[in-house]
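A structural walkthrough
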2 protein chains.
Amino acid sequence: MLTLFHHPLCPHSRFVRLALAEYKREVRLIEERTWERRQDFLAMNPAGTTPVLLDKGLLPVPGAAIAAEYLDEIRGAKQDDAGLLPRDPSSRVEVRRLMSWFNDKFFAEVSGPLVTERFFKRHKGVGADGSAPDTEVIRAARHNIRHHLAYVGWLARKRDWLAGNQLSYADLSAAAHLSAADYLGDVPWNEDETAKDWYARVKSRPSFRSILAETVAGIRPSPTYADLDF
Amino acid sequence: MLTLFHHPLCPHSRFVRLALAEYKREVRLIEERTWERRQDFLAMNPAGTTPVLLDKGLLPVPGAAIAAEYLDEIRGAKQDDAGLLPRDPSSRVEVRRLMSWFNDKFFAEVSGPLVTERFFKRHKGVGADGSAPDTEVIRAARHNIRHHLAYVGWLARKRDWLAGNQLSYADLSAAAHLSAADYLGDVPWNEDETAKDWYARVKSRPSFRSILAETVAGIRPSPTYADLDF
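Attention here is on the structure that accompanies the text. Each chain carries its own residue numbering, running from 1 in the written order of its sequence. Labels are handed out in written order, letters beginning with A for the chains and numbers beginning with 1 for the ligands. A pLDDT threshold of at least 70 governs which residues receive local features in this predicted model, and a stricter bar of 80 or more applies before side-chain atom pairs are shown or counted, although totals over entire chains, interfaces and linings include all residues. Values reported for side chains reflect all heavy atoms of the structure, with hydrogen atoms and water molecules removed beforehand.

Looking at the pattern of salt bridges
All names here are of chain A. What makes a salt bridge here is a side-chain nitrogen of Lys or Arg within 4 Å of a carboxyl oxygen of Asp or Glu, nothing more. Going through the model one piece at a time under the given rule, you end up with 38 salt bridges over all chains. When the shortest N-O distance is used, the salt bridge between Glu 32 and Arg 38 registers 2.5 Å. Accessibility expressed as a relative area gives 3% for Glu 32, which makes it buried. With a 1.4 Å probe rolled over the protein chains alone, any residue whose accessible area is under 20% of its type maximum counts as buried; one over 50% counts as exposed, and the rest are partly exposed.

With respect to the sheet that holds strand E3 (residues 52–54) of chain B
Residues and elements named next belong to chain B. As summarised here, the arrangement of the four strands in space is E2-E1-E3-E4, forming an open sheet in which the pairing is mixed. In this open sheet, the two edge strands, each paired with only one partner strand, are strand E2 (27–31) and strand E4 (61–62). Two strands are counted as paired when DSSP detects at least two bridges linking them. Every helix listed is a DSSP run of H or I at least four residues long, and every strand listed is a run of E at least two residues long, numbered separately from the N terminus. Summarising the sheet, strand E1 (residues 2–6) and E2 pair through five bridges and their orientation is parallel. Across the sheet, the residue bridging to Leu 2 is Val 27, located in E2. Note on definitions: a residue-residue contact is assigned when non-hydrogen atoms from the two residues lie within 4.5 Å. Axis geometry follows a simple rule: fit a line to the C-alpha atoms, using only the stretch in contact for helices, then measure angles between N-to-C directions, giving values from 0 to 180 degrees. Contacting E1, E2 and E3, helix H1 (residues 11–22) crosses the sheet at an angle of about 155 degrees to E1.

Some details on the interface of chain B and chain A
On the chain A side, the residues contacting the 23 residues of chain B number 23 residues. Between chain B and chain A, the buried area comes to about 1900 Å², and carbon and sulfur atoms account for 70% of it. Three residues, Ile 66, Val 93 and Arg 96 of chain B, lead the burial of chain B against chain A; their summed loss comes to 26% of the area buried on that side. The tally of links from chain B across to chain A stands at six salt bridges. Between Glu 69 of chain B and Arg 96 of chain A there is a salt bridge, with its nearest N and O atoms 3.9 Å apart. The term polar contact refers here to a pair of N or O atoms within 3.5 Å; inside protein, the definition further demands a hydrogen-donor-capable atom paired with an acceptor-capable atom, and it admits residues adjacent in sequence only when both atoms are side-chain atoms. Connecting chain B to chain A are six residue pairs in polar contact (both at pLDDT 80 or more). For the side of chain B that touches chain A, the secondary-structure elements that each account for two or more residues are E4, helix H3 (64–74) and helix H4 (89–124) of chain B. Ranked by residue count, the leading element in the side of chain B that touches chain A is H4 of chain B, at 10 residues. Within the side of chain B that touches chain A, the residues separate by chemical class into 13 nonpolar, three polar and seven charged. Take the accessible area each of two parts loses on contact, using a 1.4 Å probe, and add the two losses: that sum is the buried area. In this count, Pro and Cys sit with the nonpolar residues alongside Ala, Val, Leu, Ile, Met, Phe, Trp and Tyr, while Asp, Glu, Lys and Arg are called charged and the others, Gly among them, polar.

Below is the structure:
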């Protein structure tokens, strides 16, 4: 069985959990408190970040994008139709482009700052320098999310799913990062009905259930967070 | 023929150029001034960043990591031994881990800030807010690079190349990002002899030649930048 070192509010961990659930792979979850900088964890991932995926006999797989590539590669040939990373070159480029958009750009501009300032600093007292939440950073992230939400809506108006005509890693990464912001009540869903409809579809999938059912100590989810009809 | 939209001091562009040269793929280079936010370029890559690789009949391939995956996938089976991304799962994880270490972490902590503050802001006047170079940011990057250089040395003491016993994307990404900092004279090579020896080996490869021969307007390379015996 696979093991995933994760944190419930870490958007990258959420992405890998969604991918594992879509592939129907069982996984043992271990909550990692990265701020404690546990030596055994740093030995697995010197970058000190979640998630880290462990598979028997293999080096630890660190990070969302690397886990995504790994899960695609071990899927084997018979599940071709269910692939979250399609087979043709242009589709692969588009899925990877959007996966990076959300895992890297959205994380840097929105989900990373929100989770760091509003959860880690406030509830764990673990700012890099022990500092208090920075309201300017939170304000900037709440401004940035509006552009990303509009982009999701634009993509969802053009296509069945974000990267094309089938569910892919693009949808899972977008939904994972948005869901972390949504837990904190920071997604202005009413600004884009198409984006909201797309998210309702992803959120209703069985792969999302265990994530929506979880709460983290110290901060309650927003009222509509787990509501499939939000 | 392939086309690459790049910038000479962009470390991600340097990485893709090195990969193309190692694979002996001819490429037409087009210098992109991302700060001008050219509409045709944004249509190719909405993130507005270099590099973007164009291959006939395919969607534009944006970003270093996505280009690396693409180039690996189109290599075909007969060149297995020359692969920059080895075939076995653990080696793939390690190459991708280190590629992300340099393309993401080193870029965020060192090469991105240095190139932005010391070149783009100073010589192009293109800070996000039109601001002057931030000496605190430069100081932090120069501090951070020492830890990364020590990590490169540690890896190079354990292995022939950074990710294992053959040259891989890990070496090219590390060398690409270090070379951008080296252009600016910001690599304290004397702090780690093994890291320096490893870089001398990568820098001496034919794939590095065209990069070392280039200078950018407004700022001269450091005295030992193009020196193979630095």
